[in-house]
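# Observations on the model geometry
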Amino acid sequence: MEQASKIILRRKSQWMNRMRGYKVFINNVQLGIIKNDSTEEYITEPGLKLVKCKVDWCGSPPKELMLKPGEVAYLEVKSNLKYFTYLYILVLVGIFGRFALRSGEVEMPKWATICSAAIFIVAFLYMTYFLTLGRNKYLMVDTEKDNVFAK
């Protein structure tokens, strides 16, 4: 009997999607759900494996692995929205900044209106991309780089 291989998948704590579990697919078969800040272990047969994660209708591109008998692959899944936090803060500044400027007797400068509109448009386009055309790039499955056992 051939020795089994192992895939250890880690999901670090992230603010994005922290309340939702990611469905884990290996070779297009759902083998489990990984929750925020947890690690799951999957025993598989050696050979070519395609690892993919999904949340709702968004997902990750498949990560291709060629596992040898007894080999352990250390993977990490995370949200691919790198700039979401910055855009979120900018949108909040834009919203509350407009309220702060309106509450006084000072007339709102034209540049403030243009900046607010630009921030909202960029944030809208960023989120729309990941929910439509880039929905299969919403998550990222990659080799875990900071695992001491993976070396």
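Details of the structure are given in the entry above.
Residues numbered from 1 in each chain as written. Predicted model: local features only at pLDDT ≥ 70, side-chain atom pairs only at ≥ 80, totals over all residues. Heavy atoms only, no water.

### Thoughts on the overall build of the protein
The helix and strand inventory of the protein stands at two helices and nine strands. Beginning at the N terminus, the succession of helices and strands in the protein can be written as β-β-β-β-β-β-β-β-α-α-β. What you see for the protein is a C-alpha radius of gyration of 21 Å, clearly larger than the 15 Å of a compact globule of 151 residues, by over 25%. Seen through its C-alpha atoms, the protein measures out along the principal axes to roughly 80 × 30 × 25 Å. Every one of the 151 residues in the protein was classed for burial, and the buried ones make up 34%. Of the contacts formed within the protein by residues at least 6 apart in sequence, a portion of 68% connects residues at least 24 apart. On the protein, roughly 10000 Å² of surface is accessible, and the fraction owed to carbon and sulfur atoms is 62%. Computed over 22 positive and 14 negative side-chain charges, the separation of the two mean positions in the protein equals 5 Å. (Helix = DSSP H or I, 4+ residues; strand = E, 2+ residues; numbered from the N terminus. Rg over C-alpha atoms; globule rule 2.2 N^0.38 Å. Buried < 20%, exposed > 50% of the residue type's maximum accessible area, 1.4 Å probe, protein only. Contact = heavy atoms within 4.5 Å. Areas by Shrake-Rupley, 256 points an atom, 1.4 Å probe, with all protein chains shown as cover. Lys, Arg positive; Asp, Glu negative; His and termini not counted. Charge placed at Lys NZ, Arg CZ, Asp CG, Glu CD.)

### Describing the sheet that holds strand E8 (residues 72–79)
Strand order in the open sheet formed by four strands is E4-E1-E8-E9, with mixed pairing between adjacent strands. The sheet is open, and its two borders are formed by strand E4 (38–44) and strand E9 (139–143), each paired with just one other strand. Ignoring which end each strand starts from, the neighbouring axes of this sheet average 25 degrees apart. Relative to E8, strand E1 (residues 5–11) runs parallel, the two being bridged by six bridges. Residue pairing in the sheet places Lys6 in a bridge with Val72 of E8. (Pairing = 2+ DSSP bridges. Axes fitted to C-alpha atoms, helices over the stretch in contact; angles between N-to-C directions.)

### As for the packing of aromatic side chains
What describes a pair of aromatic rings is the distance from one ring centre to the other and the angle between the planes of the rings. Per the counting criterion, the structure on display carries six aromatic pairs. Residues Tyr126 and Phe130 carry aromatic rings whose centres are separated by 5.3 Å and whose planes lie at 70 degrees to one another, so their mutual orientation is edge-to-face. Of this pair, Tyr126 and Phe130 are both found in helix H2 (residues 110–131), four residues apart, which corresponds to roughly one turn of the helix. Using a relative accessible area of 17% as the deciding quantity, one classes Tyr126 as buried. Members of the aromatic cluster, joined through ring pairs, are Tyr83, Tyr126, Tyr129 and Phe130. The cationic tip of Arg11 hangs over the ring face of Tyr22; the distance from NZ or CZ to the ring centre is 3.6 Å. Above the face of the Phe25 ring, Lys54 is positioned so that its terminal group lies 5.9 Å from the ring centre. (Phe/Tyr/Trp six-rings, centres within 6.5 Å; stacked < 30°, edge-to-face > 60°. Lys NZ or Arg CZ within 6 Å of the ring centre and 35° of its normal.)

### Some details on the environment of Asp142
Mapped onto the secondary structure, Asp142 falls in strand E9. Here the alpha-carbon distance between Asp142 and Glu64, two residues 78 residues apart in the chain, equals 9.5 Å. If we skip the residues at most four places from it in the chain, Asp142 touches Lys63, Tyr74, Leu75 and Glu76. Among the polar contacts made by the side chain of Asp142, one reaches the side chain of Lys145 at a distance of 3.3 Å. (Polar contact = N/O pair within 3.5 Å; in protein donor to acceptor, adjacent residues only side chain to side chain.)

### Observations regarding unusual backbone geometry
Here the phi dihedral of Asn28 falls at roughly 65 degrees; this positive angle occurs in a residue that is not glycine. Here Asn28 shows up in the loop between strand E2 (22–26) and strand E3 (29–34). The backbone phi angle of Asp37 is positive, close to 55 degrees, even though this residue is not glycine. Here Asp37 lies in the loop between E3 and E4.

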